[in-house]
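Next come the chains, spelled out residue by residue.
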Amino acid sequence: MGLVPRDERELGVDLAADRLSYLVLSFGLLGLVGWRSFVNGESPWDLLMLVIAGGVAGTLYRAWRGAVSGRWLVVGFVTIGIALVVAVIVGLGLGR
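Residues numbered from 1 in each chain as written. Predicted model: local features only at pLDDT ≥ 70, side-chain atom pairs only at ≥ 80, totals over all residues. Heavy atoms only, no water.

S.K.: I'd like a description of the nonpolar core, backed by residues and values.
M.R.: With five residues, the main nonpolar core is built from Leu-29, Val-33, Leu-47, Leu-48 and Val-51. Of all the secondary-structure elements, those providing two or more residues to this core are α1 (8-39) and α2 (45-64). Here this core takes three residues from α2, the largest share from any one element. Apart from residues no more than four positions distant in its own chain, Val-51 is found in contact with Tyr-22, Ser-26, Leu-29 and Leu-30. (Core = buried A, V, L, I, M, F, W, Y, C linked by side-chain atoms within 4.5 Å. Buried < 20%, exposed > 50% of the residue type's maximum accessible area, 1.4 Å probe, protein only. Helix = DSSP H or I, 4+ residues; strand = E, 2+ residues; numbered from the N terminus. Contact = heavy atoms within 4.5 Å.)

Shown next as structure tokens:
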């Protein structure tokens, strides 16, 4: 409980700001991963794990709070499947 009561609008703005911040950080890290991997030839696993850890943390919190629907699960599993296919292609060097 804070010192000043907050209304629903402030909470909504906070959630939207957090969502935007997460998107900027995640896609920024993915851009750095791509740059380090394809341009510099470095291993970007440290940055990629930060992106994955952020997604896993959000998913676990949603599941813990019971905010996971069937449609959400289908989209999540399709996304994981596509990510695995891309990872195999990049890992085998077929993407170059």
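S.K.: Hey, could you go over the packing of α1 against α2 for me, with residue numbers and the actual values?
M.R.: Between α1 and α2, whose axes approach to 9 Å, the crossing angle comes to 155°. In terms of orientation, α1 lies roughly antiparallel with respect to α2. For the pair α1 and α2, the sense of crossing is left-handed. When α1 is examined against α2, the residues Tyr-22, Ser-26, Leu-29, Leu-30, Leu-32, Val-33 and Arg-36 are found in contact with a partner set consisting of Asp-46, Leu-47, Leu-48, Leu-50, Val-51, Gly-54 and Gly-55. (Axes fitted to C-alpha atoms, helices over the stretch in contact; angles between N-to-C directions. Parallel < 35°, antiparallel > 145°, perpendicular 65-115°, else oblique. Left-handed = near helix turned anticlockwise from the far one by under 90°.)

S.K.: Could you give an account of α2, with specific residues and numbers?
M.R.: For α2, which comprises 20 residues, the first-to-last C-alpha distance of 28 Å matches the rise-based estimate of 28 Å (1.5 Å per residue) to within 8%. For α2, the set of buried residues is Leu-47, Leu-48 and Val-51. Viewed along the axis of α2, the buried residues span an arc of 115°, placing them on a single side of the element. Facing away from the buried side of α2, by more than 90 degrees, are the exposed residues Trp-45, Leu-50, Leu-60 and Trp-64. In this fold, the buried residues of α2 make contact with α1. Among the residues trailing α2, Gly-66 stands out with phi positive, at a value near 70°. (Expected span 1.5 Å × (residues − 1). Arc of directions from axis to C-beta.)

Read these as geometric descriptors, not functional statements.
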